[in-house]
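Examining the three-dimensional arrangement
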Amino acid sequence: MKNKPKQFDKQIGLNLKQARINRSMQQNQLADKLDLNPQTISNYENGKRGLTVGTLKEFADALSIKVTDLLKGVPENAVPESSSNTTMVPVLGSIKAGPDGIIQDQNEDEYLPLYDPERRNKDSFWLIVDGDSMTGDGIQNNDIVLIKPCEFDESYGNTIYVVSYGYENAAIKRLSFVDGHVTLISSNPSYQPITVNNDEHFHIFGRVIMSQHKF
């Protein structure tokens, strides 16, 4: 007797099916776009097969939607059938990785799975990267980064931080502290370093624990 699908996979399947129908797309048409068998699409939509980190992004792109659209209705403590070591982590918003950076809050409570719960503490959160200033570190536009709240600590080594400065700006950068000034350093050489004077507002939200392509 086959196991019943976990609620996590069933909800994502329902979201996937609704998104496909909203775009007047047949299962075979979606299968062609993804180079899959139509029966595989059916299995995903019925929750018989769970979408992985990689396939969530592929399906979202094929349907011209966000990954979070596929995760709507998935409770915070849901665990996908494919991994008992998965935990759901909140997405607090997006961080601009480029000039005139800013953190934009999410309008709804949204969560994305973390498949390595040892990297999480109770205050960790995801941010979606918008821009290419950190491509030298492998952080691409639309990637997600896991943030652990903390202060600056030299023992962390060459760490990437999410910071705010000047009250209106935010950034995902490496930091250098010299003579009371902090310099925000991009890993994409197309972007110049940003110097924050000691009389300007400066706050560290946390450090980047890991990054991954946003499904």
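Our subject is the structure listed above.
Residues numbered from 1 in each chain as written. Predicted model: local features only at pLDDT ≥ 70, side-chain atom pairs only at ≥ 80, totals over all residues. Heavy atoms only, no water.

1. Structural notes on the pattern of salt bridges
Operational definition: Salt bridges are defined as contacts in which a side-chain nitrogen from Lys or Arg sits within 4 Å of a carboxyl oxygen from Asp or Glu. Only protein chains enter the accessibility calculation, which uses a 1.4 Å probe; a residue whose area is less than 20% of its type maximum is buried, one above 50% is exposed, and one in between is partly exposed. Each helix is a run of DSSP H or I of at least 4 residues and each strand a run of E of at least 2, with the numbering of both proceeding from the N terminus.
One pass over the full model with this rule turns up four salt bridges. Residues K72 and D69 are paired through a salt bridge, measuring 3.5 Å at the closest nitrogen-oxygen approach. Overall, the relative accessible area of 25% leaves D69 in the partly exposed class. The partner of D130 in a salt bridge is K96, with the nearest N and O atoms 3.8 Å apart. In this pair, D130 is assigned in strand β4 (residues 125-131) and K96 in strand β1 (residues 87-97), connecting sequence segments 34 residues apart.

2. Looking at the pairing of β1
The two faces of a sheet get side chains in turn, since along a regular strand they alternate between them. Using the following cut-off: In this scheme, strands are said to pair when DSSP sees at least two bridges between them.
Most of β1 is tucked away, with nine of its eleven residues classed as buried. Note that β1 and strand β3 (residues 111-114) share four bridges and pair antiparallel. The residue bridging M88 from the neighbouring strand is P113, located in β3. Pairing analysis gives six bridges linking β1 to β4, with the strands arranged parallel. Residue A97 lies in a different strand from β4, and its bridge partner there is G131.

3. Regarding the environment of K72
Just so we agree on the cut-off: Distance and chemistry together define a polar contact, namely a pair of N or O atoms within 3.5 Å, with one atom able to donate a hydrogen and the other to accept it when in protein, and with adjacent residues in sequence counting only for side-chain atoms on both sides.
Within the secondary structure layout, K72 lies in the loop between α5 (67-70) and β1. In this structure the side chain of K72 is engaged in a polar contact, spanning 3.5 Å, whose partner is the side chain of D69.

4. A word on the packing of aromatic side chains
The following threshold applies: Ring geometry is summarised as follows: Phe, Tyr and Trp rings, the Trp one being its six-membered ring, pair when their centres sit within 6.5 Å, and such pairs are stacked at plane angles under 30 degrees, edge-to-face over 60 and tilted between the two.
Counted under the stated rule, the structure contains two aromatic pairs. Taking the centre distance of 5.1 Å and the plane angle of 80° together, the rings of Y44 and F59 count as edge-to-face. Of this pair, Y44 sits in helix α3 (residues 38-45) while F59 sits in helix α4 (residues 53-62), and the two are 15 residues apart along the sequence. For the pair formed by Y44 and F59, the shared burial category is buried.

5. Describing the nonpolar core
Where we set the bar: The criterion is simple. A nonpolar core is a set of buried Ala, Val, Leu, Ile, Met, Phe, Trp, Tyr and Cys residues joined through side-chain atoms within 4.5 Å. Residues are treated as being in contact if the distance between any of their heavy atoms lies within 4.5 Å.
Counting 32 residues, the largest nonpolar core has L16, L30, F59 and W126 as its most contacted members. Excluding residues that lie within four positions of it along the chain, L30 makes contacts with L16, R20, M25, I41, F59, A62 and L63. The next biggest cluster of nonpolar side chains, apart from the first, holds 14 residues, and it includes A97, V129, I147 and V208.

6. Here's the deal with α3
What α3 keeps buried is the set T40, I41, S42, Y44 and E45. Near the N-terminus of α3, the side chain that reaches the backbone nitrogen of Q39, with its oxygen 2.8 Å away, is that of N37. Just past α3, the residue G47 takes up positive phi, approximately 75°.

7. Here's the deal with the side chain of R174
Mapped onto the elements of the fold, R174 is located in strand β7 (residues 169-178). Among the polar contacts made by the side chain of R174, one reaches the side chain of D137 at a distance of 2.4 Å. R174 has contacts with M134, D137, N158, T159, I160, T183, L184 and I185, leaving out every residue within four places of it along the chain.

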